[in-house]
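What follows is the residue order along each chain.
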Amino acid sequence: MPDATVSSADAPTGNPHLAPYNARGLKGRILSGVQPTGNLHLGNYLGAIRNFARLQDDYECLYCVVDQHAITVPQDPALLASQTREIAAAFLAAGVDGGKQIIFNQSMVPAHAQLAWVFNCVARMGWMSRMTQFKEKAGKDRENVSLGLFAYPALMAADILIYKATHVPVGEDQKQHLELTRDIAIKFNNDFNAPDFFPITEPLIFGAATRVMSLRDGTKKMSKSDPSDQSRINLTDDADAIALKIRRAKTDPLPMPESEADAEKRPDADNLLGIFAALADREKTDVVSEFAGKQFSEFKAALTELAVARLGPVGAEMQRLMKDPGHVDAVLRDGAARARALADPILDEVYRTVGFLKP
Ligand code: TYM
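Cut-offs applied
Residues numbered from 1 in each chain as written. Predicted model: local features only at pLDDT ≥ 70, side-chain atom pairs only at ≥ 80, totals over all residues. Heavy atoms only, no water. Helix = DSSP H or I, 4+ residues; strand = E, 2+ residues; numbered from the N terminus. Rg over C-alpha atoms; globule rule 2.2 N^0.38 Å. Buried < 20%, exposed > 50% of the residue type's maximum accessible area, 1.4 Å probe, protein only. Contact = heavy atoms within 4.5 Å. Areas by Shrake-Rupley, 256 points an atom, 1.4 Å probe, with all protein chains shown as cover. Lys, Arg positive; Asp, Glu negative; His and termini not counted. Charge placed at Lys NZ, Arg CZ, Asp CG, Glu CD. Expected span 1.5 Å × (residues − 1). Axes fitted to C-alpha atoms, helices over the stretch in contact; angles between N-to-C directions. Parallel < 35°, antiparallel > 145°, perpendicular 65-115°, else oblique. Nonpolar A, V, L, I, M, F, W, Y, C, P; charged D, E, K, R; others polar. Pairing = 2+ DSSP bridges. Phe/Tyr/Trp six-rings, centres within 6.5 Å; stacked < 30°, edge-to-face > 60°. Core = buried A, V, L, I, M, F, W, Y, C linked by side-chain atoms within 4.5 Å.

A.B. asks: Honestly, the overall build of the protein chain in this entry has me stumped. Any pointers?
C.D. replies: For the protein chain, the helix and strand inventory stands at 15 helices and five strands. At 21 Å, the protein chain has a C-alpha radius of gyration in line with the 21 Å of a compact globule built from 359 residues. Dimensions of the protein chain along its principal axes, counting C-alpha atoms only, are 70 × 50 × 45 Å. Within the protein chain, the proportion of its 359 residues that are buried is 52%. Across the protein chain, contacts joining residues at least 24 apart in sequence account for 77% of those joining residues at least 6 apart. Carbon and sulfur atoms form 53% of the exposed surface of the protein chain, whose accessible area is close to 16,200 Å². Both charge centroids of the protein chain, one from 41 positive and one from 46 negative side chains, sit 3 Å from each other.

Spelled out as structure tokens, the structure:
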């Protein structure tokens, strides 16, 4: 990872949650999740999924398809099932080793939802009301959105803390949810007089594209829910579709930026330069100097070639795996069994700490 800058501070020495991993030559335990809603796009790939594979030699990893998060807004049940398989296929196609690491879907491990209820009683209404993603998703229609959409970040905290995960790789848009996860952990530890029970999780946000923007508007995040398919590159797009979307990507009338400072004032150009740097595994300053003062057409041709070379094999492997749903289902079932074995004893400890009697 040449340009990896991990946003979090190094974990303090003596952290009891890290010791068992450090003893095994690992840096900690990772959990991350992706919603099975709509098409996976370049932002999901560069901000999260590609990093999942890159971290797997240094951490014990659990990668989760968060189907219970998906139903916070209405879903077509048949589509939800196929999209759950598609996300699992993307994890595998991006290089995650499903034999060594754990790939599973959330609803197969009931302890997530069970811990989420406890966290619903720890998190404060005020904290939840400040979540910008909730405000954006609910928009003006707050009275009509599901209760689940409001409580979503408490379930996300449970996804992470049911494994006492120490690190969470995500794109920048999830930062606030991870801060809430830390607040919930701290409050639980204090409220129940259980110091160090839950770890204070560190976000891992790194690479040149931690927030990939729309190809149609460099001030808006690239998103699965954008009605314009031209706004994003989907992981399953073929070479022609990728070429067309990059050719049509919004730019400004000037030549390519002369410096990073110049690029920062031009969001569309800045976004494309960040995408190039991330796909090429190069520093952005280096990419800016290579194309400084050139025409966008020349840069876009180079970006297309690079994007097709990098994404083509991932998309093709996803398509191949999608033709073998039996294999994907077996990976999910096996992953879920291993995840339950880790989560259930932690839920037991939580229940004992809270004062629930055992059956
Ligand atoms: P989701 O499904 O929206 O996105 C999955 C991952 O992709 C990242 N991402 C982006 N990164 C860069 N640029 C973008 N335009 C972009 N869009 C999305 C997200 O940051 C995320 O890492 N709440 C989470 C899912 C979740 C989760 C968890 C994540 C549920 N439980 C526990 C981590 C740990 C979400 O909706 O991601």
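There is more to say after this.
A.B. asks: Would you take a moment to explain helix α12 (residues 267-280) for this structure?
C.D. replies: Each turn of an α-helix holds 3.6 residues, which means side chains three or four residues apart point in the same direction. Across its 14 residues, α12 extends 20 Å between first and last C-alpha, which sits within 8% of the 20 Å expected from 1.5 Å per residue. α12 sits mainly inside the fold: 13 of its 14 residues count as buried. Asp281 sits one or two positions beyond α12 and adopts a positive phi of about 55°.

A.B. asks: What is the right way to look at the packing of helix α4 (residues 77-93) against helix α15 (residues 325-354) in this model?
C.D. replies: How two helices sit against one another is set out by the angle between their axes and by the gap between those axes. The N-to-C vectors of α4 and α15 enclose an angle of 80°; their axes lie 10 Å apart at closest approach. Classed by the angle they form, the pair α4 and α15 counts as roughly perpendicular. Between α4 and α15, the contacting residues are Thr84, Arg85, Ala88 and Leu92 on the first element and Pro325, Val328, Asp329, Val331 and Leu332 on the second. Counted by class, the contact of α4 with α15 contains six nonpolar, one polar and two charged residues.

A.B. asks: Which parts of the structure should I look at to understand the pairing of strand β3 (residues 102-105)?
C.D. replies: It is a general feature of regular strands that their side chains alternate between the two faces of the sheet. Across the two faces of β3 the burial is the same, with Ile102 and Phe104 and Ile103 and Asn105 all buried. As paired strands, strand β2 (residues 59-65) and β3 are joined by four bridges and run parallel to one another. Bridge pairing links Val65 to Asn105 in β3.

A.B. asks: Would you explain helix α14 (residues 296-322) in this entry?
C.D. replies: Under the 1.5 Å per step criterion, the end-to-end length of α14 is 36 Å for 27 residues, consistent within 8% with the ideal 39 Å. Restricting attention to buried positions, one finds in α14 the residues Phe296, Phe299, Lys300, Leu303, Thr304, Leu306, Ala307, Leu311, Val314, Gly315, Met318 and Leu321. Buried residues in α14 make contact with α2 (42-55), α4, α10 (239-248), α12, α13 (284-291) and α15.

A.B. asks: Help me out: how do you make sense of the packing of aromatic side chains in this one?
C.D. replies: Counted under the stated rule, the structure contains 15 aromatic pairs. Here the aromatic rings of Phe52 and Tyr63 are separated by 4.2 Å at their centres, their planes lie at 5°, and the arrangement is stacked. Linking Phe52 in helix α2 with Tyr63 in strand β2, this pair joins segments that are eleven residues apart in sequence. Ring centres of Phe119 and Phe198 lie 5.5 Å apart, and the angle between their planes is 75°; this geometry places the pair in the edge-to-face category. Taken together, the residues span a long stretch of sequence, with Phe119 in helix α5 (residues 111-120) and Phe198 in the loop between α9 (175-191) and β5 (202-204) at a distance of 79 residues.

A.B. asks: Any chance you could explain the nonpolar core here in plain terms?
C.D. replies: The tendency in soluble globular proteins is for nonpolar side chains to be buried side by side. Leu46, Phe91, Leu279 and Phe299 are the most contacted members of the largest nonpolar core, which has 62 residues in total. Residue contacts for Phe299: discarding those within four places in its chain leaves Met256, Leu272, Leu273, Phe276 and Phe291. Residues Ile162, Leu178, Ala185 and Ala343 belong to the second largest nonpolar core, which totals 48 residues.

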